[in-house]
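Below, each chain spelled out in residue letters.
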Amino acid sequence: MTYGERARAKIHQGLVYLRFPSLRRIILATTGIWYLQGILYLGIILNANNFTSNDPYIYVAMSGTMDLMAILLATPLNMRMGRRFIVGGALLVAGILLLVDLAVPDELWWVRWLLVMTSLLLIAAAFQVNFMYVPELYPTVIRSRGFALASLAGSFGFLTAPFITDVLVSTLFTKINQLVIKSPFALPYSAIHPSRMTRLPSLTQAQKAWWAVGATFGSAGILGSLLVPLLPETNNMPLPDTLEDVERRREGITEAKRGEARSQDDEQGREVEEMPAIGPAEKA
């Protein structure tokens, strides 16, 4: 078999996996979550200059402390509260805290430290839980491949984080300024209306784009939390062995929810039937 035939066989096999609705949701959700949490985790660590104006060495030391606390706390909590709750709640709260950090003035530096370090603690906890959660979602026949795919998406998130923290935020407006002024298709600089010239970004404006980092990372956390409800809970549940087990797990969850709804309706119906009727004499 030639290299091209092997590549086509791998592509065909991957497309076969996507034909299963439950497995397709798992693949798309896990890769998206790992990509976004990779951006968020490494971005907070690399972004000491934007999040705080204090000693970056203390920032790095505190980041390591948050990692250690996440390892010690995530495992016992995840056994009690479930995987979905920890991952979804951590991503959501971390994203909200990073957005709140944008509104805190520089004078309240200790509040900014508290918000950023709490966000890092939550993201690190979500990472720890995901190392157990993602392999449990995939069936045994493709468990290693599924976890490798999610880890690859997380690596792409790590690659994206430096572009957001340094290259993108620091030089975006300056590059746009250079393209607008130096482009041969642009109007002459003297032909630009003075009101529009004041809107053209400069290097000073690029340095003041401090809000872009917090807004990007906060949005990434909230978006990642919205993907978690697409995944089933695996705590204290049997692991699937085949692709059909993944589909049956989804059908079982759906039937269980329908059964709970029916039981609640039956209980409400029995309560209504057991209520005594109020006659005319009793009303008087």
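Just above, that's the structure.
Residues numbered from 1 in each chain as written. Predicted model: local features only at pLDDT ≥ 70, side-chain atom pairs only at ≥ 80, totals over all residues. Heavy atoms only, no water.

A closer look at the overall build of the chain
Inference 1: Within the chain one finds twelve helices and zero strands.
Inference 2: Seen in sequence order, the chain has helices and strands lined up from the N terminus as α-α-α-α-α-α-α-α-α-α-α-α.
Inference 3: Relative to its full complement of 284 residues, the chain shows a buried share of 36%.
Inference 4: Of the accessible surface of the chain, which amounts to about 17,200 Å², a share of 66% is contributed by carbon and sulfur atoms. (Helix = DSSP H or I, 4+ residues; strand = E, 2+ residues; numbered from the N terminus. Buried < 20%, exposed > 50% of the residue type's maximum accessible area, 1.4 Å probe, protein only. Areas by Shrake-Rupley, 256 points an atom, 1.4 Å probe, with all protein chains shown as cover.)

Describing the nonpolar core
Inference 1: Ranked by internal contacts, the top residues of the largest apolar core, which has 44 residues, are Leu23, Ile44, Tyr138, Phe217 and Leu231.
Inference 2: Of all the elements in the fold, those that place two or more residues in this core are α2 (21-46), α4 (56-81), α5 (83-101), α6 (109-137), α7 (143-182), α10 (211-227) and α11 (243-274).
Inference 3: Non-local contacts of Leu23, meaning those with residues more than four positions away in its chain, are made with Tyr17, Tyr138, Pro139, Ile142, Leu243, Val246 and Glu247. (Core = buried A, V, L, I, M, F, W, Y, C linked by side-chain atoms within 4.5 Å. Contact = heavy atoms within 4.5 Å.)

Considerations on the environment of Leu77
Inference 1: Relative to the assigned elements, Leu77 resides in helix α4.
Inference 2: Among the residues examined, Leu77 registers a relative accessible area of 39% and is labelled partly exposed.
Inference 3: Along the backbone, Leu77 and Val129 are 52 residues apart, and their C-alpha atoms lie at a distance of 9.5 Å.
Inference 4: Excluding its chain neighbours within four sequence positions, the residues that come into contact with Leu77 are Gly82 and Ile86.

Side note on the packing of α2 against α10
Inference 1: Across the interface, α2 lies against α10 with an axial gap of 9 Å and an inter-helix angle of 155°. Compared by their axis directions, α2 and α10 come out roughly antiparallel. Relative to α10, the crossing made by α2 is left-handed. Between α2 and α10, the contacting residues are Ala29, Gly32, Ile33, Leu36, Ile39, Leu40, Gly43 and Ile44 on the first element and Phe217, Ala220, Gly221, Leu223, Gly224 and Leu227 on the second.
Inference 2: Taken together, the residues of the contact of α2 with α10 break down into ten nonpolar, four polar and no charged. (Axes fitted to C-alpha atoms, helices over the stretch in contact; angles between N-to-C directions. Parallel < 35°, antiparallel > 145°, perpendicular 65-115°, else oblique. Left-handed = near helix turned anticlockwise from the far one by under 90°. Nonpolar A, V, L, I, M, F, W, Y, C, P; charged D, E, K, R; others polar.)

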